[in-house]
Structures are given as C-alpha cells and as structure tokens.
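The lines below spell out each chain.
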Amino acid sequence: MFFGYHHQKELNTGVFLENMLNKILFGLSTGLRESYYSLFPDQGLLEKLENQLFFLTVQTCNICNANCTFCGYQYMEQKKQIMTDDVFKKAVHDFLNAGGTRILLSGAVGDPLMDPKIIERIKLCRSYPGIKSIEMVTNCINLDNVGVRSLLTSGMTEIYVSTTGFDQAMHQRIYRSNYYEKAKENILAILRENKALGRPVKIIICLRVDKPINYIFNLPGFEEVRKLTDSVSYNYYFDDWSGRIKAADLTGNMRLRPKSLLFFKNNNPCSLLYDRVAILPNGDISLCGCRELNGDSELIIGNINRLSLTEAYCSMYSKQIRKKWLTNKIIPDICRDCTNYSPRQFLMLSENRRLFRDNGNKINKNA
C-alpha cells in the first residue's frame, strides 16, 4: 500500500507536469501564430468570414435575479423584457438559412432561466439538425422553477454555471443575492441528475470569487461538485464595462482586467465582429453580444423584424465598421476601452480555419 500510494503520487505528478508543458507549448505556438497573422493577415479568410455566420447569441430576456458587483446589469437603462415568440422563431430560422450551427441562449446581461419559455425555445432549436450546439450561462437560482430534468433533456449541449462556490457570505458580497441556499441546492441537483442521465449535457462551473481558489475547493460539499462537473474555471479579472465598474466595486482578490491587448487594438478589429451576431429581446441585431448593454451603440446593425440576419450581417454598414477599424483606425466608441477585446488574428488560427473549412459549404450564396 505504501509503495502503491507513492507510485500513484508520482504518476499524478507526471501527468500534471506533462499537462503544464503542453499548455506552455500551446501558448507559445498560439502566440507566434497570432503575431504572424497580425503582420500578415489572411484577407481572403476575413472576406469569407464577413459573409458567413457560425454563431448566434440570443438574449431571450434581459432580466436577472442577481445584481453582481462585476456586471453591467446594475447600469442597464433599456426596458427589461422577454423576447416574443415571433422574434425568436425568425432569429433561429434566419440563422439556419445563413448556415449557422452554434447558438448561445444568453446575452450580455440577464439570466436565461428567467425566461418562462426557455425550455420551449431550446426544444425548437434542437428540432433543427443544423444546430449542433446549444449553450447557456446561468447562475442556476431559478433552475428549480424551470425544472432540472426538463433542462437537461431539452436539447442543451453545454451549460456554464456562474457561481461563487459554496460560500454564502461571498455569494451575498459578490452576487448581492439572498438566494445562496437555492443556488447551491440547484447546482448540486443539476450535477447529480446529469450524472444519473448519463451526462447528456456538458456542465462547466465558472467561479467568480474574491478568495484563493484552494479556499473554494476546500469548502464543505464542493468536492462533489468537482467530481460531477466536466470542468471548473475561475476568474479574478473582470471588465470595467466602459468605466462603469470601478476597482473599488470589487472585493478581495478580484481585479479589473488589464488593458494588455491595446497594442493590437489600434490595428486589428475585434474578432467578435466576425462570424457572429446577437439578437436583443426587442429584435435589434448587434455585432457584439458581449457588451451591448443598452442597445444604443453603433454596432446595432438593424432589427430582425425588418430584415434578415444575413442582410444585416453582410450589409455595407457592417462591413464599413470593420473596414474603418482596419484601414482608418476608427474604432467604435463601445469598443475603445473594452477589455474583452479579442484581436481578429485569433480568427486565423488553425482551430478557426478548420471551423470555416468544415462549414464552408454552408455559405449563403445570396450574401
């Protein structure tokens, strides 16, 4: 037993070191490719991406049951509402016609489980073979009202659970919510039921914490979460939502995200302006599903009640936004100080080129 214990420990250490080495090598390789494509961009690929939708963000509601210190929801000025059936159905239909394959049922703000029709809408997406991935981000507070089994058997492929872990004081401090016990019970319920069903859904626990990760891992009951989830990620760094969130709003180890990529920003449009759009609850179409808080930025390219997703995405107005950034260094106001910026050369890495190659035959010929 003594020998076996140490042998297993050595194996675990070896696997850990191998994984770390692989991560370092992958990071170096990716960095070199990013640098290369920032200097020698593949213009042909970018032109193709300007005419092909792969990813659709649908903000079926902009209502949340938490008020997180790090989130722009507290500063939202647009009307709180739930998307109508007509808008949702047209968005999905248009997306399929454009050759899209991946849907995120979450927006910049709001929790999708606050949408009373969310299960019905997931099932509609799943009824189309062309939709390969259906994802959402949720705090799970309203999961018991939606139904654990109903959600897991609806057709979802991935669920990202936003949580502080099992620390009630931290939950109240960061999420400013009194639903800690409810959230905890729902998280355990969905993980246990997912296991019982044979893990039909990939569940990722996304920790938003202000204490060291080891503290979270050692909290009573959290070991079960680590065993049942597909993976655990944690985040100490947060966007400032164009200056709305201040460093003083964050607690403990939480920090505002450094503006380390601004060097690229002056020359490279954000990759989020390519291959995807977002639909807001009122039907407005935005080139950014990440920070479109009030639906009033210049990235609003139309409304789905008046034109199709393809018409909006492939419009001259949309292309001019990218072109002005690329050639004239004219950056949209909403993007200027956004630390969620992702340089467009990320699109040119082999992983994304393969995505385009595999789906290239679905390009809308009328685009």
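Refer to the structure above for everything that follows.
The rules behind each value
Residues numbered from 1 in each chain as written. Predicted model: local features only at pLDDT ≥ 70, side-chain atom pairs only at ≥ 80, totals over all residues. Heavy atoms only, no water. Pairing = 2+ DSSP bridges. Helix = DSSP H or I, 4+ residues; strand = E, 2+ residues; numbered from the N terminus. Axes fitted to C-alpha atoms, helices over the stretch in contact; angles between N-to-C directions. Expected span 1.5 Å × (residues − 1). Buried < 20%, exposed > 50% of the residue type's maximum accessible area, 1.4 Å probe, protein only. Arc of directions from axis to C-beta. Contact = heavy atoms within 4.5 Å. Patch = residues over 30% accessible without salt bridge, like charges linked within 9 Å, V, L, I, M, F, W, Y side chains within 5 Å. Areas by Shrake-Rupley, 256 points an atom, 1.4 Å probe, with all protein chains shown as cover. Salt bridge = Lys/Arg side-chain N within 4 Å of Asp/Glu carboxyl O. Phe/Tyr/Trp six-rings, centres within 6.5 Å; stacked < 30°, edge-to-face > 60°. Lys NZ or Arg CZ within 6 Å of the ring centre and 35° of its normal.

S.K.: Can you walk me through the sheet that holds strand β9 (residues 276-279) in this structure?
M.R.: Adjacent strands of a sheet form backbone hydrogen bonds with each other and so pair up, either parallel or antiparallel. Pairing is mixed across the open sheet formed by nine strands, whose spatial order is β6-β5-β4-β3-β2-β1-β9-β10-β11. Two strands bound the open sheet, and with one partner strand each, they are β6 (231-235) and β11 (300-303). Within the sheet, the average angular offset between the axes of one strand and its neighbour, ignoring direction, is 20°. The sheet contact formed by β9 and strand β10 (residues 284-286) spans two bridges and is antiparallel.

S.K.: Sorry if this is basic, but what is going on with helix α3 (residues 85-97) here?
M.R.: Because each turn of an α-helix spans 3.6 residues, side chains separated by three or four positions end up pointing in the same direction. The terminal C-alpha atoms of α3, which comprises 13 residues, lie 18 Å apart, in line with the 18 Å expected from a rise of 1.5 Å per residue. Those residues of α3 not exposed but buried are V87, F88, A91, V92, D94 and F95. Along the axis of α3, the buried positions cluster into a sector of 165°, meaning they face one direction only. In this structure, the buried side of α3 is in contact with β1 (55-58), β2 (102-104), α4 (118-126), β9 and α12 (309-313). Looking one or two residues beyond α3, the residue adopting positive phi is G99, at roughly 90°.

S.K.: Which parts of the structure should I look at to understand the side chain of H171?
M.R.: Relative to the elements of secondary structure, H171 occurs in helix α7 (residues 168-175). With relative accessibility at 4%, the residue H171 sits in the buried group. Dropping the residues within four chain positions of it, H171 is found in contact with I141, T164, R176, S177, Y179, Y180 and A183.

S.K.: Can you walk me through a nonpolar patch on the surface in this structure?
M.R.: Residues L21, I24, L25 and L28 make up a contiguous nonpolar surface patch of about 400 Å² in total accessible area. When you line up the elements, L21 lands in helix α1 (residues 2-39).

S.K.: Where do I start with unusual backbone geometry in this structure?
M.R.: For R199, which is not a glycine, the phi torsion comes out positive at approximately 55°. Counting through the fold element by element, R199 comes out in the loop between α8 (180-196) and β5 (202-208). Positive phi is not limited to glycine here, since D275 has a value of about 65°. With respect to the helices, strands and loops of the structure, D275 is situated in the loop between α11 (262-265) and β9.

S.K.: Which parts of the structure should I look at to understand the pattern of salt bridges?
M.R.: Opposite charge on two side chains allows them to pair when their charged atoms are near. One pass over the structure, following the stated rule, counts 13 salt bridges. Between R121 and D85 there is a salt bridge, and its shortest N-O distance comes to 3.2 Å. Residue R121 is found in helix α4, and its partner D85 is found in helix α3; the two are separated by 36 residues along the sequence. We classify R121 as buried; its relative accessible area is 3%. Using a relative accessible area of 25% as the deciding quantity, one classes D85 as partly exposed. For the salt bridge of D115 with R121, the shortest nitrogen-to-oxygen distance reads 2.8 Å. By relative accessible area, D115 is classed as buried at 1%. Taken together, the shared-partner salt bridges connect D85, D115, K117 and R121 into one network.

S.K.: What is the right way to look at the packing of aromatic side chains in this model?
M.R.: The geometry of an aromatic ring pair is captured by two quantities: the separation of the ring centres and the angle between the planes. Considering all chains together, one arrives at six aromatic pairs under this definition. Arranged with centres 6.1 Å apart and planes meeting at 15°, the rings of F217 and F222 form a pair that is stacked. Across the pair, exposure class does not vary: F217 and F222 are buried alike. Sitting over the ring of F55, R102 keeps its end group 4.3 Å from the ring centre.

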